[in-house]
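# Descriptive structure summary
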Amino acid sequence: PEDRVDTVILAGMGGRLMRRILGELDRLPVQELVLQPQSEWEELRAFLYEQAYLIVEENMVLEEGKYYPVLRAVRKETAATGHACIRTISDAGEK
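Residues numbered from 1 in each chain as written. Predicted model: local features only at pLDDT ≥ 70, side-chain atom pairs only at ≥ 80, totals over all residues. Heavy atoms only, no water.

A few words on the pairing of strand β2 (residues 32–37). Most of β2 sits out of view: 5 of its 6 residues are buried. Sheet topology note: the strand β1 (residues 7–13)/β2 ladder contains 6 bridges and is parallel. Across the sheet, the residue bridging to Leu10 is Leu35, located in β2. Handedness of the crossover is the feature at issue here: the chain leaves β1, passes through helix α1 (residues 15–24), returns alongside β2, and the resulting connection is right-handed. Sheet topology places β2 next to strand β4 (residues 66–75); 4 bridges connect them, and they run antiparallel. By the bridge assignment for β4, Glu32 is matched with Val74. (Buried < 20%, exposed > 50% of the residue type's maximum accessible area, 1.4 Å probe, protein only. Helix = DSSP H or I, 4+ residues; strand = E, 2+ residues; numbered from the N terminus. Pairing = 2+ DSSP bridges. Right-handed = clockwise from strand over helix to strand, strands pointing away.)

Given below as structure tokens:
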């Protein structure tokens, strides 16, 4: 359907709040997440693992002297079909 949500972007809030929001979206067929947590990164990572998401891209953004992670995660079944491109922190700066 045209109103299908397959990607969700959340930025500028803590990982705990992101986890709560994503938990309420579990009934939707969301295949991709782009997340930029301000805090509670470990809690968010644990949630992604529990919900069968795989972090396929990660980078750090420096803003006003602070580093923030930016994550792209996909459902594990999406990654298994070859539709996900996995990049590491070490090659994130390369073009």
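Before going further, it helps to spend a moment on α1. Owing to its 3.6 residues per turn, the α-helix aligns residues three or four sequence positions apart on the same side. Inspection of α1 places Gly15, Met18 and Leu22 among the buried residues, and these make up the whole buried set. For α1, the arc enclosing every buried residue in end-on projection is 55 degrees, short of the 170-degree limit, so these residues lie on one face. Exposed residues lying more than 90 degrees from the buried face of α1 are Arg20 and Glu24. (Arc of directions from axis to C-beta.)

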